[in-house]
Amino acid sequence: MLSDLRVGQYIHGKSLLHQLDPRTKLWCLMVLSMASFMLETWLGIGAISLVLLTLMKLSQVQLKWHLSSIKVIWPVLVLTLLLNAFSIPGTTLFGIGSLILTTEGLKAGLLLAVRIVLIILITSLFSFTTSPIKLSGGVESLLKPFNKLGLPGAELALMMSIALRFIPTIVEEGERLLRAAQARGGDLTSGNLLKRARSLTPLLIPLFLGSFRRADELALAMEARGYQVGGRRTSFHELKLQSMDYWVLLFSSISFLALIGTRFI
Amino acid sequence: MEFRDVHYTYLQTGPEVKVLKDINLSIFSGDFLSLIGSSGAGKSTLLLHLNGLLKPTQGKVLYKGTDVHTKDFKLKELRRKVGMLFQYPENNFFGQTVYEDVSYAPKNSGKQGKDLERAVGLALERVGVPKNYLSRSPFGLSGGEKRRVALAGVLAMDPELLVLDEPTAGLDPTHRQQFILLMQELHKQGTTVVMVSHEMDQVSEIGGRTVVLEQGRIVAQGTTRQVMTECDLCNWGLDLPEIVKLGRSLSLVYRGGPVLTEAEALEGILQQRGGKGAK
């Protein structure tokens with residue numbers, strides 16, 4: 001049910017991808033996602049899929065985990081495909097009344113759906129191989145230059161890591177509440193969408209209350225351990241780029257520049 | 001009414017953790033069954049099978065002889081008959097007022113108007129919460145009151161079988177005692193009770209039957225007297241009730257066997273003294 005949600009989860013491992021510096025991976029994440037939207041031919045999409053497949057293999061994360069992250073957005077994909085296929089004008093493939101399916105629309109919809117799949121796969125690959133601690137460390141270090149401009153990088157990174165940390169907790173809590181409601185005869189799985197949504201509303205009260213309570217406790221625990229906003233903090237795991245990181249950065253940057261180059265030639 | 005022949009095998013969650021293995025267990029009408037075991041032994045998982053919230057990966061859960069996971073079986077009916085109080089139930093309040101929360105279950109079973117009001121009133125009366133609490137927010141009550149309101153929310157369904165997961169965890173000794181007395185009272189009125197507990201003293205005072213779960217297996221079951229006095233609970237990371245320990249070290253005897261409750265220990269001590277005095 002809810003626990004099938006794999007987006008944003010970290011899977012422990014020792015693969016090459018796990019060992020890369022989070023900043024390197026953030027850069028690659030950006031490059032790959034931008035590339036999948038810049039490439040417009042099926043050849044280009046094929047090439048980037050091949051790169052992604054190689055990376056997925058390298059990550060040593062089981063295929064079913066990757067698949068499960070697509071499973072969640074399945075309805076979005078279908079909707080994207082249909083909306084495009086029926087709304088973009090072009091050669092008519094077939095039509096039902098005012099609804100006209102066009103070849104151009106079908107192509108565009110398919111391309112967009114594949115791109116969404118790629119983005120999801122890239123992002124989940126990133127989160128599978130990057131522990132939340134490393135991720136927030138990476139973000140913090142990337143935001144450091146903006147500190148002078150008054151951007152609280154460390155606090156932002158902390159907020160992000162706390163948010164990530166509590167996703168599974170809240171999912172678990174939601175599941176517990178669902179069970180409690182079902183145990184008391186709550187009918188949450190039948191009826192139309194509206195009816196189901198209405199039967200879920202009572203669950204929101206305890207869910208929010210629980211979150212607020214937890215936030216309170218967390219703040220207290222952090223203060224008890226001497227946390228201060230704006231305080232200088234050292235890190236147990238110092239991030240340092242290895243030679244592998246430099247190679248990856250160099251390679252990805254060159255490919256990206258080349259890609260931009262081809263667009264202007 | 002009878003709840004009979006509950007039988008489960010194997011449960012796999014997530015990355016294939018076998019939480020329950022070869023569970024064979026019967027719960028009879030009128031039982032007071034205590035489920036004990038160290039943390040992570042699978043007690044709560046076992047409970048979730050009792051009203052069909054979890055489906056066994058192997059084996060069957062039977063209610064009065066019918067498998068509860070067959071198509072014709074109405075799980076909703078079962079859930080109406082099996083009242084379940086979860087761990088820390090005060091985190092699961094659904095209503096903004098006590099009335100709203102307690103009426104959640106009977107409303108779901110189709111009660112309306114006067115019937116609904118009567119069910120809520122009766123449930124609150126059974127747990128000893130005064131009527132003027134009806135319009136208060138359940139979140140603003142004290143710990144002991146919250147727990148009782150939560151129990152009322154379950155009792156409002158008028159369940160045949162009451163399932164309690166560590167019902168007294170986090171309560172102070174007075175409230176704990178009150179809660180146990182309340183459950184014994186409900187049991188006397190004919191409700192079958194299944195309870196998970198970490199407090200051996202509680203279990204021994206209650207009596208009834210006891211099942212010991214260890215790493216997903218039932219390692220011992222029988223009357224509480226048998227389990228507490230004949231088995232070596234220390235092997236399973238559990239402690240003996242204080243009274244049983246006392247009884248052992250003083251070699252107290254009650255009706256020819258080891259003592260289990262405070263009252264029996266008292267009797268044993270008097271007997272021992274009396275015996276010596278006579279000699």
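Residues numbered from 1 in each chain as written. Chains lettered and ligands numbered in written order. Predicted model: local features only at pLDDT ≥ 70, side-chain atom pairs only at ≥ 80, totals over all residues.

**So, the overall build of chain B**
Thinking step 1. In terms of regular secondary structure, chain B is built from 11 helices and 12 strands.
Thinking step 2. In summary, chain B has a C-alpha radius of gyration of 20 Å against a globular reference of 19 Å for 279 residues, a match within 12%.
Thinking step 3. For chain B, the spread of C-alpha atoms along the three principal axes comes to 70 × 45 × 35 Å.
Thinking step 4. Across the 279 residues of chain B, 40% fall into the buried class. (Helix = DSSP H or I, 4+ residues; strand = E, 2+ residues; numbered from the N terminus. Rg over C-alpha atoms; globule rule 2.2 N^0.38 Å. Buried ≥ 20, exposed ≤ 12 C-beta atoms within 10 Å, placed from the backbone.)

**Quick word on the pairing of strand β5 (residues 32-36) of chain B**
Residue and element names in this part refer to chain B.
Thinking step 1. The element β5 is largely enclosed, with a buried count of 5 among its 5 residues.
Thinking step 2. In β5, alternate side chains face the same way, and those of F32, S34 and I36 on one face and L33 and L35 on the other are all buried.
Thinking step 3. Of the pairings in the sheet, the one linking β5 to strand β10 (residues 192-196) comprises 4 bridges and is parallel in character. The residue bridging S34 from the neighbouring strand is M195, located in β10. (Pairing = 2+ DSSP bridges.)

**Brief notes about the interface of chain B and chain A**
Thinking step 1. In this assembly, 21 residues from chain B lie in contact with 16 residues from chain A.
Thinking step 2. Among the secondary structure elements, those contributing two or more residues to the side of chain B that touches chain A are α2 (75-81), α4 (104-108) and α6 (143-155) of chain B. (Contact = placed C-beta atoms within 7 Å.)

**Section: the environment of B:F179**
Residue and element names in this part refer to chain B.
Thinking step 1. Relative to the elements of secondary structure, F179 occurs in helix α7 (residues 173-188).
Thinking step 2. Taking C-alpha positions, F179 is 8.0 Å from R148, a pair spaced 31 residues apart along the chain.
Thinking step 3. Apart from residues lying up to four places away in sequence, F179 is in contact with R147, P167, T168 and L171.

**Regarding the confidence of the model for chain A**
Thinking step 1. On average, residues of chain A score 85 in pLDDT, and 96% of them are at 70 or above.
Thinking step 2. Taken element by element, the predicted model of chain A shows its lowest mean pLDDT in strand β1 (residues 92-96) of chain A (76) and its highest in helix α2 (residues 22-38) of chain A (91). (pLDDT = per-residue confidence, 0-100.)

**Here we look at the environment of A:I88**
Residue and element names in this part refer to chain A.
Thinking step 1. As for its position among the elements, I88 is in the loop between α5 (74-87) and β1.
Thinking step 2. Overall, the presence of 17 C-beta atoms within 10 Å leaves I88 in the partly exposed class.
Thinking step 3. Distance from I88 to G109, taken between C-alpha atoms, is 9.1 Å for residues 21 residues apart in sequence.
Thinking step 4. Ignoring any residue separated from it by four or fewer positions in sequence, one finds I88 in contact with T102, E104, G105 and A108.

**Structural notes on α7(B)**
Residues and elements named next belong to chain B.
Thinking step 1. In a regular helix each residue adds 1.5 Å, so 16 residues correspond to 22 Å; α7 covers 23 Å between its end C-alpha atoms and thus fits that length.
Thinking step 2. Among all positions of α7, only F179, M183 and L186 are buried. Along the axis of α7, the buried positions cluster into a sector of 60°, meaning they face one direction only. For α7, exposure combined with an orientation more than 90 degrees from the buried face picks out P173, T174, L181 and K188.
Thinking step 3. In this structure, the buried side of α7 is in contact with α6, β9 (161-165) and β10.
Thinking step 4. The first or second residue beyond α7 is G190, which carries a positive phi of 110°. (Expected span 1.5 Å × (residues − 1). Arc of directions from axis to C-beta.)

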